[in-house]
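Descriptive structure summary
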Amino acid sequence: MKSKIKLEQSWLEQLEDEFDQPYMQQLKQYLMEQKANGKNILPKNSLWFNALNSTPFDKVKVVILGQDPYPTAGHAHGLCFSVMPEVKPLPKSLVNINTELMEDLQIDNMHSGYLQPWSEQGVLLLNAVLTVEQGNSNAHQGQGWEQFTDKIIHLLNDKKENLVFILWGAYAQKKGVFIDQKKHFVIKSPHPSPLSAYRGFFGSKPFSQANNYLQKADLQGIDWQV
């Protein structure tokens, strides 16, 4: 994995040694075997690290944690919750995110689920697992990606200050349990999926909360319009 890795320089400086770890070597072997067995891995290789490549380490302001990529071909592009511009209809969780954004800040994003503009302003849209088998949600859980993304969160927690961590649902909250809330602002709510959005995601106002915190820390807020 390391020999072909194209990683943004500030992240490479933080993570280069991680690619030599046994678990990453095992993950590389697993992914190669899956491909050799004819499995279609999503997103395409060049987008596995899109979250890091789109949001340099020194530019991160907000972290949103997801679980794993969309398993539908043409949807995932390496940013959690985000889909490619042409995808219609939008996934239901994304519709609910857009509904809450409209209620919170009167910003209408219903036309698009392409969240790349967020990432370019410092919103790290990080899935816990960076790949998936087409048509098989969670197929790559437990293969090593979680350890890699835990390392990313530890680095951000330890080396930066005044970050906003948005943790939607029990999975993200468990993954971010060690975040130092004296240094960072943690926003927790139920997940935006249709199964849980009405249990407290709607009305949680994560977008205005994030911007209010950033502005109090003398940082520019995020323009959530896409």
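This write-up is about the structure you can find in this document.

The subject of this paragraph is the pairing of strand β5 (residues 164-168). In terms of burial, β5 is largely enclosed, as five of its five residues are buried. Side chains V164, I166 and W168 project from β5 onto one buried face, and the interleaved F165 and L167 project onto a second face that is buried too. For strand β2 (residues 62-66) and β5, the ladder comprises four bridges, and the chain directions are parallel. Across the sheet, I64 pairs through a bridge with I166, a residue of β5. Here β5 pairs with strand β6 (residues 185-189) via five bridges, running parallel. Along β6, the bridge assignment pairs V164 with F185.

Bringing the pattern of salt bridges into the picture now. Two side chains that carry opposite charge are able to pair once their charged atoms sit near each other. Here the structure, examined in full by the defined rule, presents two salt bridges. The closest approach of N and O atoms between K39 and E133, which form a salt bridge, is 3.8 Å. Residue K39 is located in the loop between α2 (22-36) and β1 (41-42), and its partner E133 is located in strand β4 (residues 132-133); the two are separated by 94 residues in the primary sequence. Taking the relative accessible area as the measure of exposure, K39 reaches 34% and is therefore partly exposed. Two residues, D150 and K175, come together in a salt bridge whose shortest N-O distance is 2.6 Å. Taken together, the positions of D150 in helix α6 (residues 145-159) and K175 in helix α7 (residues 169-175) put the pair 25 residues apart, joining distant regions of the chain. We classify D150 as partly exposed; its relative accessible area is 27%.

Scoring rules and cut-offs
- Residues numbered from 1 in each chain as written.
- Predicted model: local features only at pLDDT ≥ 70, side-chain atom pairs only at ≥ 80, totals over all residues.
- Heavy atoms only, no water.
- Buried < 20%, exposed > 50% of the residue type's maximum accessible area, 1.4 Å probe, protein only.
- Helix = DSSP H or I, 4+ residues; strand = E, 2+ residues; numbered from the N terminus.
- Pairing = 2+ DSSP bridges.
- Salt bridge = Lys/Arg side-chain N within 4 Å of Asp/Glu carboxyl O.

This is a description of form; function is not addressed.
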